[in-house]
Amino acid sequence: MLSTFFAVLRRDLLLAWRGRADVLVTLAFFVIVVCLFPFGVGAEPNQLRAIAPGVLWVAALLACLLSLHRLFAQDYADGTLEQLLLSREPAALWVMAKVLAFWISTGLPVVAIAPGMALLLDLEQGGLPVLVLSLALGTPILALLGAVGAALTLGLRGGGMLLALLVLPLFVPVLIFGAGAVEAELSGTGAIAHLLLLGGGLAGALALAPLACAAALRISTD
Amino acid sequence: MLEVQELACLKGDRLLFRDLAFRLQAGGLLRVAGPNGVGKTSLLRLVTGLALPEAGEVRWRGHPIRREREAFHGELLYLGHAPALNDLLTPLENLRFACAAAGDGVDAQACVDALVRIGLANQLDLPARVLSQGQRRRVGLARLFLSASRPLWVLDEPFTALDVHAVADLAATLSEHCEAGGMVMLTTHQDAPFRRPPQVLDVGAFAC
């Protein structure tokens, strides 16, 4: 049991390591997007401090979106996806392994460098733990929802654009509660409600997204 | 054992074939024939359960495969047109992943032996992107040596890009599998030296 799950997880992490340039591109994208804002809105520290949580969250969301289309594309093209669909384990299980490997190789690095970027925008230090926690809870939701979109748009012409149109509206609640958590912490009301909602969202996405994703993959390969 | 009844296949809005039926007994070797575009690959995908038929049913050991998917897939080996190789991994890593993902507990040494036997002894540590088409095909076919316990082999154009020697070798492997009580269903455009003449299914006869 779970042999497919661990085989997929190990292989995808190995592939992420072999293709680590892609991971660096995602990180560089995140850094550059955050750096663009001071140029656009001006380097007034109070203003930057005020928009910092939102900017960091939008940048993390876009960085995640940038690499989402790669999640199934290679396996679809080379026939690995067919082989996985023929394995004895339910597809939802190894889909979870793929999303987990994706999050470890793209979401986790973004979470790790987010505090550095927050200092760049002069976010108050008291908000940093909540920022990291909200990203750590929120980016897996982005990966899970995005995986459903990636599975649905697999093999379509212009699938990348369609994927963005499909999943960005779904990312909005995560963005609201993620950025809201940091703002609530800084304004003194406490972030616990926002974080609990993000945690609940993650639990829900973990339960439902792999099933939806598996069904979408079967349709895409039919 | 494998039984197909009144199968119809719709591709886009075109009906490829209908009322297709055949039966494959233990030890049988079935060659799916017909011109390009008649639906040979589509038929194989229907038989494996990767695609769903417009009408009709595929039955394995008397049960519809749709209802007993996991048990059926545990007894099936399908090698599609694409060899399921990732360019960043070595042939050995690709083969080990293919076996582990399928749920076969195969150790590393058995995988090395299979690759050596199929003629890739010198390519074990090269990334798959530097292999030739024939060598890529061989990596996929190496799974045959590790899947003797799966009775039903469904192979899509297994002979493509192989040299004469490898074709003879593969034909012998398939014949052995059938003699041991297995079943093989394949598409091919070339004549291969099977020990017994295969049963032929002409998809063109059921075309619409």
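Below or above, wherever it landed, is the structure these notes cover.

1. Quick look at the interface of chain B and chain A
- Contacts between the two partners involve 29 residues from chain B, matched on the other side by 26 residues from chain A.
- Both sides of the chain B and chain A interface together cover about 2300 Å² of buried area, and 52% of this is carbon and sulfur.
- The largest per-residue losses of area from chain B upon contact with chain A belong to L50, R69 and F97 of chain B, which jointly make up 24% of the total buried on that side.
- Inspection of the region where chain B meets chain A yields 3 salt bridges.
- Close ionic contact of E82 of chain A with R45 of chain B constitutes a salt bridge, the shortest N to O distance being 2.2 Å.
- Along the contact surface separating chain B from chain A lie 10 residue pairs in polar contact (both at pLDDT 80 or more).
- The set of elements that each furnish at least two residues to the side of chain B that touches chain A consists of α1 (40-48), α2 (69-74), β6 (76-79) and α3 (91-102) of chain B.
- Tallying contributions element by element places α3 of chain B first for the side of chain B that touches chain A, with 5 residues.

2. Comments concerning the environment of S134 of chain A
- Secondary-structure assignment places S134 of chain A in helix α7 (residues 128-152).
- Spatially, the C-alpha atoms of S134 of chain A and V174 of chain A are 9.4 Å apart, while their sequence positions differ by 40 residues.

3. Side note on the packing of aromatic side chains
- The final tally for this structure, using the stated rule, is 3 aromatic pairs over all chains.
- The ring centre of F97 of chain B lies 4.4 Å from the NZ or CZ of R11 of chain A, which sits over that ring.

4. Brief notes about the state of the cysteines
All names here are of chain B.
- For the coordinates displayed, the defined rule picks out 0 disulfides over all chains.
- This cysteine, C111, is not joined by any disulfide, and C99 carries the nearest cysteine sulfur, 4.6 Å off.
- Of the residues examined, C111 reaches a relative accessible area of 0% and is grouped as buried.
- Cysteine C208 is unpaired, with the sulfur of C9 as its nearest cysteine sulfur at 9.7 Å.

5. Some remarks on the packing of α3 of chain B against helix α4 (residues 108-117) of chain B
All names here are of chain B.
- Remark: α3 packs on α4, axes separated minimally by 10 Å, with the N-to-C direction vectors making an angle of 120°. Taken as axis vectors, α3 and α4 run oblique relative to one another. As α3 runs across α4, the sense of the crossing is right-handed. Of α4, the residues touching α3 (which contributes P91, L92, L95 and R96) are A108, C111, V112, A114 and L115.
- Taken together, the residues of the contact of α3 with α4 break down into 8 nonpolar, no polar and 1 charged.

6. Quick word on the pairing of strand β8 (residues 183-187) of chain B
Residues and elements named next belong to chain B.
- Counting buried residues along β8, 5 of its 5 residues qualify, which places the element largely inside the surrounding structure.
- Burial of the side chains of β8 extends over both faces: M183, M185 and T187 are buried on one face and V184 and L186 on the other.
- As paired elements, strand β3 (residues 29-33) and β8 share 4 bridges and run parallel to each other. Bridging across to β8, R31 finds its partner in L186.
- Bridging between strand β7 (residues 152-156) and β8 involves 5 bridges; their strand directions are parallel. Note that in β8 the partner of L155 across the bridge is L186.
- On the question of chirality, the crossover connecting β7 to the parallel β8 by way of helix α7 (residues 164-179) is right-handed.

7. Structural notes on the side chain of E82 of chain A
- Looking at where E82 of chain A falls in the secondary structure, it is placed in helix α5 (residues 80-85).
- Judged by relative accessible area, E82 of chain A falls into the buried class, the value being 18%.
- The contact partners of E82 of chain A, leaving out residues within four places of it in the chain, are R45, L50 and Y78 of chain B.

8. Examining a nonpolar patch on the surface
- The grouping of I32, L36 and F39 of chain A at the surface amounts to a nonpolar patch, some 370 Å² of accessible area in total.
- With respect to the helices and strands, L36 of chain A occurs in helix α2 (residues 20-41).

9. Some thoughts on the sheet that holds β8 of chain B
Residues and elements named next belong to chain B.
- Here we have 5 strands laid out as an open sheet, ordered β6-β7-β8-β3-β9, and parallel in their pairing. Each edge of the open sheet carries a strand with a single partner, namely β6 and β9 (199-202). Taken over all neighbouring pairs, the strand axes of this sheet differ in orientation by 15° on average, direction set aside.
- As paired elements, β6 and β7 share 4 bridges and run parallel to each other. Looking at the pairing, L77 lines up with W153 of β7.
- Set on the sheet, α1 makes contact with β3, β6, β7, β8 and β9; between it and β7 the angle comes to about 150°.
- In the packing of α7 onto the sheet, the strands contacted are β3, β7 and β8, and the crossing angle to β8 comes to about 145°.

So, how was this worked out
- Residues numbered from 1 in each chain as written.
- Chains lettered and ligands numbered in written order.
- Predicted model: local features only at pLDDT ≥ 70, side-chain atom pairs only at ≥ 80, totals over all residues.
- Heavy atoms only, no water.
- Contact = heavy atoms within 4.5 Å.
- Buried area = accessible area lost by both parts, 1.4 Å probe.
- Salt bridge = Lys/Arg side-chain N within 4 Å of Asp/Glu carboxyl O.
- Polar contact = N/O pair within 3.5 Å; in protein donor to acceptor, adjacent residues only side chain to side chain.
- Helix = DSSP H or I, 4+ residues; strand = E, 2+ residues; numbered from the N terminus.
- Phe/Tyr/Trp six-rings, centres within 6.5 Å; stacked < 30°, edge-to-face > 60°.
- Lys NZ or Arg CZ within 6 Å of the ring centre and 35° of its normal.
- Disulfide = S-S within 2.5 Å.
- Buried < 20%, exposed > 50% of the residue type's maximum accessible area, 1.4 Å probe, protein only.
- Axes fitted to C-alpha atoms, helices over the stretch in contact; angles between N-to-C directions.
- Parallel < 35°, antiparallel > 145°, perpendicular 65-115°, else oblique.
- Left-handed = near helix turned anticlockwise from the far one by under 90°.
- Nonpolar A, V, L, I, M, F, W, Y, C, P; charged D, E, K, R; others polar.
- Pairing = 2+ DSSP bridges.
- Right-handed = clockwise from strand over helix to strand, strands pointing away.
- Patch = residues over 30% accessible without salt bridge, like charges linked within 9 Å, V, L, I, M, F, W, Y side chains within 5 Å.
- Areas by Shrake-Rupley, 256 points an atom, 1.4 Å probe, with all protein chains shown as cover.

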